[in-house]
Structures are given as C-alpha cells and as structure tokens.
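One letter stands for each residue in the lines below.
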Amino acid sequence: MIEDEWWAATADRRLTVQRCRACGHAQHYPRELCTGCGGTDLEFTEASGHGTVDSFTVVHRAPSPAFQAPYVLARVRLAEGPILLTHLTGPGPWACDEPVRVGWRPLPDGRHLPVFEKDA
Amino acid sequence: MTVAIVGAAESDLGVTGASILGLQAQAITRALDDAGIALGAVDGIATTGVSRFSATQMADYLGIQPSWTDSTFAGGSAFEMFVARAAQAIDAGQCSTVLITFGSDQRSARSRSLGGAGEAHTPEAIFEAPYGPLFPISYYAMAAQRYLHAYGAGREQLAEIAVAAREWALLNPKAFRYGAGPLTAADVLAAPMISSPLTAADCCLVTDGGGAVVLTSLERARDLRRQPVVVLGYGESTTNTSMTGADDLLRPGSFDSGRRAFAMAGLEPSDVDVAEVYDSFTITVLLTLEGLGFCAPGEAAGFVAGGRIRPGGDFPLNTNGGGLSYCHPGQYGLLLLVEAVRQLRGESGDRQVPDAEIALAHGTGGILSSHATVLLGADR
C-alpha cells in the first residue's frame, strides 16, 4: 500500500510528504496520483516538521475507550503546504495560526504518531 | 424549469419505536395522499440510508418497478441532489412521478455513535482515526474555532442560531423541543462541552424521523389537488471526505452550490422569502449564509443578530425549528424540502411566513463534504 512507506518513516521519527516529480506539488495523505497534475511519478520527501495551527478543538468526550478525554485535535498546516490531522501536546492555551513543530508519540509496533507542540 | 413538487409529508418524528421501512411507508403514503397520486403511478424513486441498495430496497418494499432510481449517498445533502436529478429525469422523459423519501430510526435504535461509522480501507481510517476525532462534530468544531479566530466573533453569536431555532420550534407542534421553553445564549454556552467551542446545545438533535416529497411535471402538477411548488434552480458542490482535504474551513462548497442555483433560477439572494438551511451545528448555518451570499464572509455573526432570524424577523430561517430543535434523523435534508413546500403553500400555521413566494433549501452532508442548494417557487 502506498501509505506503508509514510508510516515506515515514522519508525525513524521522520515526517514525510509526498511530492510530484513532474509538477512539484506536495500532498497528504499519500495517493497513487498527484492531485495537482494527475501524474503518477511521486516520491516521499522529508518535511521540515514545522507548521502552523490551522484550527483545533478540545475533544471532551472520547469516541472509544482507546482515547482519554480531554485532548486537543488539530489541523496543522505544514510548511510544505499539506494539512495533517494531529494532536497538539504540551501546555496550552492554543490559538489558530500559532507556529508548531512535530513531536512523536510511540506506537506499540515501533512506528510513531506525529503530534505537534509549540514552536518557541 | 418544468418540474414541481406536488406532495410533501413527514413520517412520525422523535422517538417512534418504528423501523426505517415503517417510517418510510408512513412518509410515502402521507405524501402520496397529500398529492392525490396513487402508489401505482410512481415510476421513480430516490432514497438513501435504507440499506446498501436503498432505492432498489424501497422499490421492492413498495412492490413497484421504477424506470428511474437514485441511491446517491451524500449525507444530508442527498435529498437536494435528488431534486436536481429527479427534475432532469422527468424533463428527459425517463420517468413521470418521482418519490424522494427518507426514514431513520437512529434514536430508537441507538445507532448513532460519537466516533461515526468508519471504514478501515479509507485514508480517514488510516491517517485520522488514530487521533480520535468525533465524527462529524470535531470537524465542525474546528471550523467554528477558525471562524471565531478569523472574524473576531464570540460563542454567543454562534449560539444565536440555536436560540432562534428554539423560538421557531416553540411554534411547531411537531418539533421535538415544542413545549421545551425558550433557550438562551447563556444556556447554550453552559451546556456540556463536546468538542470545543461547540457544546451539546450547538449540536443538532438525534431523533427518529423521515419524510417524502412527490415530483412530477409542472403541466401535470397544475391538474392535481395541491398548489404546485416549482423547482426554479439547483446547484451542488462536493469538496472533501477527509478532515484535511479542504484548504479553507471558512469557504465550504455552499459558496459554489449557491452561486450555481441562483444563476440557474435567475434569482438573487435578496429574492428569497424563506430559507431552510441545514443546521447540523450552529457554525454550519453561519458558514452557509455566507456561502449562499446572504451576507459577506465574516458577516454572518452580525447578520443573524438582533432577532433577524427569529419569528417576526426580516430573514425567516429554519422555520420548523431546524435540526437543532425540530427533528434531526441523521440525514435531515428531506425535511428541509418539506418545510419549504409548506411555507410556499401557506400551510405553516403559527410559523407561516406571510406571502412566501420563493424558498431556499440547502443541504449539507458529512463534514461540510457535499452541498446542494434548491430554489423553489410558488406557482401563482
């Protein structure tokens, strides 16, 4: 699956975005084609790990026992352009448009979940 | 446009104990009775949310073999989309009498969950579910947060949507909150926080419910018992399923669906006498009013203030009490059409908008995913 390479990079705490070799468009989530030009020659490139909070919400009721509310769900706009759904971690308060940088939350299988913290 | 709505009805609403097909049957028989059309004359069916093969399922249940069906699954916007497709099919001669129907037993069946219904193979499951978003609430919550930030609005301005909806519901005996008494902005802000900045009172109801409308050619409609409600124009826009696919949370597809519908109808937003706008959440309405061009981006919070959208105000909005206080059976778009039809016929009792000639119904599906606008007019 196309997404496997993206997740594999998280084992090394590397955040990647997919980039089109033909038109340079960056996208997330990974796809088998470029949403910029329709091309299929795509590669995973390292992201800077910096971005800004597009928006966020404090979730007060967990959707399942796997989550413990409250937690801060957010759309983070990466410096490379694409938007990630993620968590904001560390002390708040949070505001739209504030700068954040990637941090990593370990998963049981060795991969990591990218989360974001204040970029002081 | 040469197609009209000639029948409209609700099923039982609220907590019914009825099944999906039972509610569908109620809505269908009542709408056909309203139109004065026999079941055997129906040759087109559009519905969703029944089963995997929704329109096929309904055809079997009704014992008919339609020449046209549509089971498009697009959440709450599907029914406004069905109006467009039905009008095209009738105009093209593929069918002559279409039933657009819906029924949901979600409250009685307790089938609604905060996390939504995930499908493991989708990018949403792979890249979003690990973060535990509430679906769809958290997406609308992020849109609301962005709205408050970008335009300097306050939560009490969002709350006005719920407060006004309650005022209308107090005039509608069929509303779930009829008799519940008025709601204040302070009540909305003090309700349990679900996904900030949205409290439980910023969120639509979870109820059973359903409805049906009947469409046929305007020529035939004029020989039927009810005053025809003419389909004047429609427009759609489909934008995203993921929570990250839309670049700008404050410019949803209603900006495009509305523009398309008004262009087709040759009308302006100022021509609309009564608007039925999907109110899944309070923020949905502010964004949709801006998208449809009733006010400029960033102005909806001010536009709805001062009682303007409440009963007696100069912009009658969600006159049945809306999904917030009347009924929200999961996909509310059909009931927007029912109320628009009743307003244009002058049948809305205590909540009737005087001399309503042009009505707008706007459906929104998913997480601001799909948008469909329909303009309807009285045939006077």
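Higher on the page you've got the structure.
All residue numbers here refer to positions counted from 1 along the written sequence of the relevant chain. Lettering for chains starts from A, numbering for ligands starts from 1, and both go in the order in which the items are written. Given that the model is predicted, a residue must reach a pLDDT of at least 70 before its local features are reported, and side-chain atom pairs must reach 80 or more before they are shown or counted; all residues, however, enter totals for whole chains, interfaces and linings.

A. Broad picture of the packing of helix α6 (residues 137-151) of chain B against helix α11 (residues 282-291) of chain B. Residues and elements named next belong to chain B. Between the N-to-C directions of two axes lies an angle of 0 to 180 degrees, each axis being a line fitted to C-alpha atoms and, for a helix, fitted only over the stretch in contact. Per the convention used, a helix needs a DSSP run of H or I reaching at least four residues, while a strand needs a run of E reaching at least two, with both numbered from the N terminus. It is the contact of α6 with α11, at a shortest axis distance of 9 Å, that shows an interaxial angle of 60°. The angle between α6 and α11 places the two elements in the oblique class. Between α6 and α11 lies a crossing whose hand is left-handed. Across from Tyr-140, Ala-143, Ala-144 and Tyr-147 in α6, the residues of α11 making contact are Ile-283, Thr-284, Leu-286 and Leu-287. In the contact of α6 with α11, the residues fall into seven nonpolar, one polar and no charged. Small angles under 35 degrees read as roughly parallel and large ones over 145 as roughly antiparallel, with 65 to 115 read as roughly perpendicular and the rest as oblique. The hand of a helix crossing depends on one turn: near helix anticlockwise from the far one by less than a right angle means left-handed, and clockwise means right-handed. We call two residues in contact if the C-beta atoms placed from their backbones are at most 7 Å apart. All residues other than Ala, Val, Leu, Ile, Met, Phe, Trp, Tyr, Cys, Pro, Asp, Glu, Lys and Arg, Gly among them, are scored as polar; the first ten of these are nonpolar and the last four charged.

B. Geometry of the sheet that holds strand β3 (residues 42-46) of chain A. Residues and elements named next belong to chain A. Two strands make a pair as long as DSSP finds a minimum of two bridges between them. Here three strands make up an open sheet; going across it, the order is β2-β1-β3 and the pairing antiparallel. Where the open sheet ends on each side, the last strands, each with one partner, are β2 (26-27) and β3. Relative to β2, strand β1 (residues 16-20) runs antiparallel, the two being bridged by two bridges. Residue pairing for β2: Arg-19 is matched across the bridge by Ala-26.

C. Structural view of the interface of chain A and chain B. In this complex, chain A contributes 26 residues to the contact, which on the side of chain B involves 25 residues. Those elements giving two or more residues to the side of chain A that touches chain B turn out to be β4 (50-59), β5 (71-78) and β6 (83-88) of chain A. For the side of chain A that touches chain B, the element with the highest residue contribution is β4 of chain A, accounting for six residues. Considered class by class, the residues forming the side of chain A that touches chain B number 15 nonpolar, seven polar and four charged.

D. Geometry of the pairing of β3 of chain A. All names here are of chain A. The exposure scheme places C-beta atoms from the backbone and then counts, for each residue, the other C-beta atoms within 10 Å of its own, assigning buried at 20 or more, exposed at 12 or fewer, and partly exposed in between. Within β3, only zero of the five residues are buried, which leaves it mostly out in the open. Bridge count between β1 and β3: five bridges; the pairing is antiparallel. Looking at β3, one finds that Val-17 is bridged to Thr-45.

E. Structural view of helix α2 (residues 54-62) of chain B. Residue and element names in this part refer to chain B. Burial in α2 covers these residues: Ser-54, Ala-55, Met-58 and Leu-62. Projected onto a plane normal to the axis of α2, the buried residues spread over an arc of 95° and lie on a single side. Buried residues belonging to α2 abut α1 (20-35), β2 (44-47), β3 (68-70) and β4 (97-104). Each C-beta atom gives one direction from the helix axis, and the arc is the one those directions make.

F. Highlighting the environment of Gln-57 of chain B. All names here are of chain B. For Gln-57, the location among the structural elements is in helix α2. For Gln-57, a count of 18 C-beta atoms within 10 Å corresponds to the partly exposed category. A sequence separation of 36 residues divides Gln-57 from Leu-21, and the C-alpha atoms of the two residues are 9.4 Å apart. Dropping the residues within four chain positions of it, Gln-57 is found in contact with Val-50 and Ser-51.

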